[in-house]
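# Observations on the three-dimensional arrangement
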Amino acid sequence: MPADRLLNTVLQYYQDVHDGPKTDQIIGATTHLLTHLSNPLNLGVLTSQLLAAPAIWHRQDGPRTAMRIIGIYHTAAVRVHEMETEERDKHLPTPALPLLQQREGGGGGLRCDEWTRAVVKGADDRSRRWQHLLVLTGVLMGMEGSDRRALSRGLRNTLEQAVVTAANLALEHNVEDGLLAAASIVTALNFAFPLLSDHYKTQINCSALLPMTIWAITGEEGFCDGEFLKAVARDTAVNAAHALHWPANAPSSQLLQDMDKQPLMANMGPLSKLAGFAVEHAHDTAAVLHAQDALVVFTQRVLDNWQKTALSSVDPSFEDTYLTPETRQRTWPMLWQTLRKLLFGAVAVLQTMVSRSLLDPKMLAHGMGPSIAAKSLHILRNLSFISSRQGNSSFQVYTFSYLTSIDVLTRDPVVCDGFLRELRPADVAPIPMTHLQRTLDLFYLNIAEHLPLTLSVDSCENLIVKPAMTYLSHDGPMSPSMIELFESAHSAILSVLSCPQHSPLTIKLTPFYIVKLFESFPHQISPRQFRVAFKTVMEIVSPPFPIAAMEPQLSETLLEMLRSSLPTASTAPLPPTPDTLSRNGEAAEDEAPLSAQSALVMTLIDSLPFLPLPLVEEWLAITAQAMNEIADPRLRTPVRDRFWDVLVNGEMDVERSTIGVAWWGTKGGRELVLFGAQGEAPAMPMMSGALLSDGDKSSRL
């Protein structure tokens, strides 16, 4: 059909509402006309009529309609550029006839610049600014996307300016234009944004754009306020084998697939970057604070809805047991793909909020910084059931948001105290039974570990020590998640003990903690973790910490407790532990085989640099004797290497090193370490301080 007749037919079809297949035919015909019409006036008329056509806009399906309009002009622009390139490659001269006299039909005849101007003129007062934005975006993508660079520099700048102007005017009238307009604006800017220069990007009204992008991420066009989890909960049941079954043909499974196909969900990465840019460049600080509040509300709803699903109780270590094969292989991975996308999108936006809170004077005034940081941590806590699985938190954006928020939070003791009191684990049960609650407790303990320097003694005892002791007292089976909680509880208590201002609490707590430490080893914590914990406590109770002056006997008491455990310690080699296997290529002594006995001797050696001076010589001899009591040479060798390492590598200060040199060279240390108690005869008398006759003296070299 000739182009002029097809144009008249399409314009007639625009005026009525049609079914889906017919509408698709109209869209296809429109794309064909945009590609082949060579009269600029007809191109302008076609665009003007399209933007007001009931046939196109009757569906009111948000981003899908926006994508259709963008797609029409993107496809047409690409084809126009291809035809111009083909003509240029053929070295055919461009027809010299006036544009109005050029023929209409296949092949067109307009150059890219001429075609672009003609199309843009069709975005007139008969349509809304947000509709203009869709046309401009499609043209910009088609002409300049994928490094095509089809337009002249001046026209490209004009087109970019037109995109920004249309976007800002559309943002001003967003309320009266409704949700369709809002979804269309975000969709268009999401595609146009990478093609805009920095100069034009900064001209966008980010204060108005920010709440719209947050709505696009969290609302019905994005993650639906977490409502999809309610559907998952309804479709999940327990089968006869007491396993959770969520069938692949359930409505909620189809809902997740439909969500993933939505335009904004399919482009969540670019959308989160657009929202982050809006956070950084919004002139109105209140808009940023409102956006953070919206994320807090959204993530809290997601957490609440997840808590209501039976799937939230499944420990990752036992998925094979508690999930049916169909659930584990089909619906479960699909759900976590959606949840990971939610986590990455929310954290990407949060990171820009955290960054801005460090620089914006209005966000730093009146002590607002710690409160903003507390909200950021609430967001991360609400999403911790996602971030705690499969290394989902091991990306730089998450780490920055998490650690920076903690750092800012510690500036205000009142906010720190209030934050922990709000999230403190309940005391109703010794150990939470659900995996989700244990995940939240782990997040709590990991944060609490960073806060003792800011908190008072009473707050540390009530908000850190008591919740941590709940897990240290656990004597049930240790799943990987429980081991992680157990380690976090140890770290939290050690952080409290390490604070000099908490010395009264340290004195009261240390004996009880050491008892728990011995009870935990080697079944609940690894040799490396035991050594680190004991070494830390020894350092805390030794000079120059004030507790060494208050309780001077405490360090030796702890060493005696360690020494008394040696006779009953197992001499069988311990199996490799997960934390050791994951430490690729670190210290050789951690990779060498250890028994419980040799690990305790290693711990004695680790403690030597912190002993009070009067105890150093005595405990050097005791440690060497304990080392010689390790019967297996394969286990004794790494212990001896560690002993030698402590003596020569500078871990001891000058005074202790001097004592060590004297003990090694003139008081029997060399013989005791190298030859043992049954080696050269002078070793034991010299160690015990006995006087020897001249004939019994031997070389100390």
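Residues numbered from 1 in each chain as written. Predicted model: local features only at pLDDT ≥ 70, side-chain atom pairs only at ≥ 80, totals over all residues. Heavy atoms only, no water.

### Observations regarding the packing of helix H2 (residues 20-36) against helix H3 (residues 40-50)
Note the cut-off: Here the axes come from fitting lines to C-alpha atoms, over the contacting stretch only for helices, and the angles between their N-to-C directions go from 0 to 180 degrees. Strands are runs of DSSP state E lasting at least two residues, helices are runs of H or I lasting at least four, and both sets are numbered from the N terminus onward. Note that the term roughly parallel is reserved for angles under 35 degrees, roughly antiparallel for angles over 145, roughly perpendicular for angles of 65 to 115, and oblique for everything else. The crossing is said to be left-handed when, going from far helix to near helix, the turn is anticlockwise and less than a right angle, and right-handed when the turn is clockwise. By definition, residues are in contact when any of their heavy atoms lie within 4.5 Å. Classification used: nonpolar for Ala, Val, Leu, Ile, Met, Phe, Trp, Tyr, Cys and Pro, charged for Asp, Glu, Lys and Arg, polar for all others including Gly.
Packing of H2 against H3 leaves a shortest axis separation of 10 Å and a crossing angle of 155 degrees. Judged by the inter-axis angle, H2 sits roughly antiparallel to H3. Remark: the crossing between H2 and H3 carries left-handed chirality. The segment H2 lies against H3, with Thr30, Leu33 and Leu34 engaging Leu43, Leu46, Thr47 and Leu50. Residue composition of the contact of H2 with H3, by class: 5 nonpolar, 2 polar and no charged.

### What to know about the nonpolar core
Applicable threshold: Residues belong to one nonpolar core when they are buried, are Ala, Val, Leu, Ile, Met, Phe, Trp, Tyr or Cys, and are joined through side-chain atoms within 4.5 Å. Burial here depends on accessible area, computed with a 1.4 Å probe over protein chains only, as a share of the maximum for the residue type. Under 20% is buried, over 50% is exposed, and the range in between is partly exposed.
One finds Ile69, Trp115, Trp306, Leu335, Tyr513, Phe643 and Trp663 to be the most contacted residues of the largest nonpolar core, which totals 216 residues. What Phe643 contacts, discounting residues up to four positions off in sequence, is Ile605, Leu608, Leu620, Thr623, Ala624, Met627, Trp663 and Val673.

### What to know about the packing of helix H23 (residues 396-409) against helix H25 (residues 435-448)
Following both chains from N to C, one finds H23 and H25 inclined at 55 degrees, their axes separated by 10 Å at the closest point. When the axis of H23 is compared with that of H25, the two are oblique. Mapping the contact onto sequence places Tyr398, Tyr402 and Ile406 in H23 and Phe443, Asn446 and Ile447 in H25. Considered class by class, the residues forming the contact of H23 with H25 number 5 nonpolar, 1 polar and no charged.

### So, the packing of aromatic side chains
One pair of aromatic rings is described through two measures. These are the centre distance and the angle between the planes. The criterion, for reference: Any Phe, Tyr or Trp ring, taking Trp's six-membered ring, that has another such ring centre within 6.5 Å forms a pair; planes under 30 degrees apart are called stacked, those over 60 apart edge-to-face, and the others tilted.
Taken as a whole and assessed by the stated rule, the structure comprises 16 aromatic pairs. Aromatic side chains Phe318 and Tyr322 sit 6.4 Å apart centroid to centroid with 85 degrees between the ring planes, which places their arrangement in the edge-to-face category. Given the relative accessible area of 35%, Phe318 is considered partly exposed. Ring centres of Phe530 and Phe534 lie 6.2 Å apart, and the angle between their planes is 25 degrees; on these two criteria the pair is classed as stacked. A residue pair is termed a helical-turn pair when its members lie 3 or 4 positions apart in one helix, as Phe530 and Phe534 do in helix H29 (residues 527-540) at 4 residues.

### Focus: the side chain of Asp606
Applicable threshold: N or O atoms within 3.5 Å of each other form a polar contact, as long as, within protein, one can give a hydrogen and the other can take it, and as long as residues adjacent in sequence are counted only when both atoms are side-chain atoms.
Tracing the sequence through the fold places Asp606 in helix H34 (residues 596-607). In this structure the side chain of Asp606 is engaged in a polar contact, spanning 2.7 Å, whose partner is the side chain of Arg531. Setting aside chain neighbours within four positions, we find Asp606 in contact with Arg531, Lys535 and Arg642.

### Topic: helix H27 (residues 480-497)
The criterion, for reference: Between the first and last residue of a helix there are one fewer steps than residues, each counted as 1.5 Å, and that sum is the expected span.
The terminal C-alpha atoms of H27 lie 26 Å apart, and with 18 residues this matches the ideal 26 Å at 1.5 Å per residue to within 8%. Of all the 18 residues making up H27, 13 are buried; the element is thus mostly covered by neighbouring parts of the structure.

### Remarks on helix H19 (residues 325-357)
Selection criterion: One fitted axis covers the seven residues ending at a residue, a second covers the seven starting there, and the bend at that residue is the angle between these axes.
For H19, with 33 residues, the first-to-last C-alpha span of 46 Å sits near the 48 Å given by 1.5 Å per residue. Approximately 40 degrees is the largest bend angle found in H19, and it occurs at Thr331, with the proline Pro333 only one to four residues beyond.

Bear in mind that shape data such as this cannot, by itself, settle questions of function.
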